[in-house]
Structure formats: structure tokens, C-alpha cells
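# Structural overview
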Amino acid sequence: MYADGYIDIVQKTIQRAWEEQKEVISAVAQAICSTLKAGHSVYIFGCSHAGILAEEVFYRTGGLAILNPIFFPGFMLNTRPITMTSKLERLNGLGKILVEENRLKDGDFLLIHSVSGRNNVPIEMAIEAKTRGVRTAAITNVAYSQAVTSRHPSGKRLFEVCDFVLDNKGDVGDAAVTLKGLPEKIGPTSTACGAALINAVVIETVGRILENGEVPPVFLSANLDGGDEHNKRIFEEYHDQIFYN
């Protein structure tokens, strides 16, 4: 099958990203734990397909309830024309507005997913967040970023402006499979690997909360008996740290 190679590449990429970055995952999880313990908030953001990771981890079964997605209509995949998303993420000033309007403040934590790490909005968000005392983590492709120039006025790429860097270890350009007769590669790995990394961070965070003798705010499926009641209690208890309900 043509797809055999892709599945093999995804599995190996995830394994490599995990094995080579256990210490970074641990450090990000500890930073999130410290953020929550201090009563501050955690946010996650990405443009267009990078935003899929924000959708992956918020308000879902087994999810950590206090992960707040930053969704901007022009970056969602239902934007029409879809090509507008590419133009918007290159705009100067929009990243700062997103940080301001979502009221990120001193002591908060921001995860930013950008595969190339070269466009203005993610970089600007990281820089602006840090000026406000917000710690930042990039989920990106370092090899890809190093192969391209930054579109931000500073000349820096996302991995160069964040406190922590999680590398998805993908190919330059993201697509990873070569098929005979097709000059372009096919089969991007960033979503599969990014989802694995962000869920690893969530699980590590929850484990550390349990180590501290506390009950982590983890959602139960609303389709299980008692799920609605369980989740309602979480929303009530963490209303100062959850901003999407």
C-alpha cells in the first residue's frame, strides 16, 4: 500500500520526538503546574492547521479543563477564501492585539504551535506575551524554521523567542512521503506528532498535579452517566481560569 511508508514515518517521528525531548516535556509540564498552582491561566494558539492542536486539547474527554484556546475567526479553517489565513498570519500588529484582547497577564503560560515558525503573528504573540510576564512554549519544526527566513521584523523565528521549544522533528516543508511520478512530497506529519506531544504534556502535567496530592480538573465524557455533573463542577470550581465556557 502507498500509505505504508507514511504510517511508518509518523510512528518513527513521534518516537524520536518523544525520546529526544522527555526533559523538555517534563519542563513544560512543570511550568504549567506552577502556573495553575499560582492561580494563573494557560492558553494555546495556532494559525489555520496549527490551530488543530488547540482544538485537540480543550473541552474534551480526558482533557485538562484549564487549557484555554485562542481562536481568531480569520485563522480558522472555515475561513473563506481559505487563502486569507496565509495573508493574515503575516500581518504586523495582529499578534499583539490577540494577546491584549485575550487579556494574557503576568504569570500566565502560552503554548504556540507554528510548524514553520516564520510568520509574524505567532512570533509577535510570543514576544508580546513575554513583555507581559507570560512564559511561552513553542511547538514547531526546528529544521524547517532553520531552512527559511523569518517574516517578522526582528528577523527571529518562533523557536528563537520562546522559553521552551518542542520540536515535532518533521521534514522541512512538513510533508514526508515521496511517491513515484509526483514531484511534491505528500503526507504531513506535524498534526499527528504535535497531537502526541501536546497530549504527552497534558498527561505529564496531570501526573504532577496528582503527585502534589491535588485533584486535577480532567473532563469526563458528557456521554457517560454522570459526565455532565462532573464537568459542571469543574467549570464552577475553575471559573477564574477557564474562559471558553
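How each quantity is defined
- Residues numbered from 1 in each chain as written.
- Predicted model: local features only at pLDDT ≥ 70, side-chain atom pairs only at ≥ 80, totals over all residues.
- Heavy atoms only, no water.
- Helix = DSSP H or I, 4+ residues; strand = E, 2+ residues; numbered from the N terminus.
- Areas by Shrake-Rupley, 256 points an atom, 1.4 Å probe, with all protein chains shown as cover.
- Lys, Arg positive; Asp, Glu negative; His and termini not counted.
- Charge placed at Lys NZ, Arg CZ, Asp CG, Glu CD.
- Axes fitted to C-alpha atoms, helices over the stretch in contact; angles between N-to-C directions.
- Parallel < 35°, antiparallel > 145°, perpendicular 65-115°, else oblique.
- Left-handed = near helix turned anticlockwise from the far one by under 90°.
- Contact = heavy atoms within 4.5 Å.
- Nonpolar A, V, L, I, M, F, W, Y, C, P; charged D, E, K, R; others polar.
- 1 Å grid on protein atoms, 1.4 Å probe; cavity = no way out; pocket = protein on both sides within 12 Å on 5 of 7 lines; lining within 4 Å.
- Points joined across faces, edges and corners; volume = space filled by probe spheres on them.
- Buried < 20%, exposed > 50% of the residue type's maximum accessible area, 1.4 Å probe, protein only.
- Core = buried A, V, L, I, M, F, W, Y, C linked by side-chain atoms within 4.5 Å.
- Polar contact = N/O pair within 3.5 Å; in protein donor to acceptor, adjacent residues only side chain to side chain.
- Right-handed = clockwise from strand over helix to strand, strands pointing away.

Moving on, we get to the overall build of the protein. Scanning the protein for helices and strands turns up nine helices and seven strands. Principal-axis analysis of the C-alpha atoms gives the protein an extent of 55 × 45 × 35 Å. Accessible surface, the protein as shown: approximately 12,300 Å² in total, 53% of it carbon and sulfur. When the 24 positive and 29 negative side-chain charges of the protein are each reduced to one mean point, those points stand 7 Å apart.

Okay, the packing of helix H5 (residues 94-101) against helix H6 (residues 120-131) next. Their axes nearest at 7 Å, the elements H5 and H6 cross at an angle of 50°. Accordingly, the angle class assigned to the pair H5 and H6 is oblique. Once H5 is placed against H6, the crossing between them reads as right-handed. Listed contacts from H6 to Leu94, Gly95, Lys96, Leu98 and Val99 of H5 are Val121, Glu124, Met125, Glu128 and Ala129. Among the residues making up the contact of H5 with H6, the classes are represented as six nonpolar, one polar and three charged.

It is worth spelling out the layout of surface pockets at this point. Quantified by volume, the largest pocket comes out at close to 470 Å³. Cys47, Ser48, Glu89, Val115 and Ser116 are, among the 24 residues lining the largest pocket, the residues nearest its centre. Secondary structure elements with two or more residues in the lining of the largest pocket: helix H4 (83-88) and helix H8 (190-211). Of the residues assigned to the lining of the largest pocket, the class counts are eight nonpolar, eleven polar and five charged. One number sums up the size of the second largest pocket: a volume of about 180 Å³.

Right, let's talk about the environment of Ile139 for a bit. Mapping Ile139 onto the fold places it in strand E4 (residues 135-140). The exposure class assigned to Ile139 is buried, which follows from its relative accessible area of 1%. Along the chain, Ile139 and Ala50 lie 89 residues apart, while their C-alpha atoms are 9.3 Å from each other. Non-local contacts of Ile139, meaning those with residues more than four positions away in its chain, are made with Leu53, Ile112, His113, Ser114, Leu166 and Ile198.

A few words on the nonpolar core. Membership of the largest hydrophobic core comes to 36 residues, with the highest contact counts inside it found for Val28, Ile32, Phe109 and Leu111. The element best represented in this core is H8, accounting for nine residues. Ignoring any residue separated from it by four or fewer positions in sequence, one finds Leu111 in contact with Val28, Ile32, Val42, Tyr43, Ile44, Phe45, Ala137 and Ile198. Ranked by size, the runner-up nonpolar core spans 22 residues in total, among them Phe45, Leu88, Ile123 and Ala129.

Glancing now at the side chain of Asn68. Along the chain, Asn68 falls in strand E2 (residues 67-70). Only 2.8 Å separates the side chain of Asn68 from the backbone nitrogen of Phe243, close enough to count as a polar contact. Apart from the residues lying within four places of it in its own chain, the contact partners of Asn68 are Ser41, Val42, Tyr43, Ile44, Gln241, Ile242, Phe243 and Tyr244.

This part covers the pairing of E2. Alternating residues of E2 divide into Leu67 and Pro69 and Asn68 and Ile70, and every residue in both groups is buried. Once the chain exits strand E1 (residues 42-46) it traverses helix H3 (residues 52-57) before rejoining the sheet at E2, and the crossover so formed is right-handed.

With omega at -5°, the peptide bond leading from Arg80 into Pro81 counts as cis. Positionally, Pro81 belongs in the loop between E2 and H4. Phi is positive for Lys169, close to 60°, though the residue is something other than glycine. Tracing the backbone shows Lys169 in the loop between strand E5 (164-167) and strand E6 (175-177). According to the relative accessible area criterion, Lys169 is buried, its value standing at 18%. Unusually for a residue other than glycine, Asp174 sits at a positive phi of about 80°.

Moving on to the environment of Lys22. On the secondary structure map, Lys22 appears in helix H2 (residues 22-37). Judged by its relative accessible area of 39%, Lys22 is partly exposed.

To continue, consider the packing of helix H1 (residues 4-20) against H8. Where H1 meets H8, the axes come as close as 9 Å, and the angle between the chain directions of the two elements is 35°. Classified by chirality, the crossing of H8 by H1 is right-handed. Counted together, Val10, Thr13, Ile14, Ala17 and Trp18 of H1 and Ala192, Cys193, Ala196, Leu197 and Ala200 of H8 form the full contact between these two elements.

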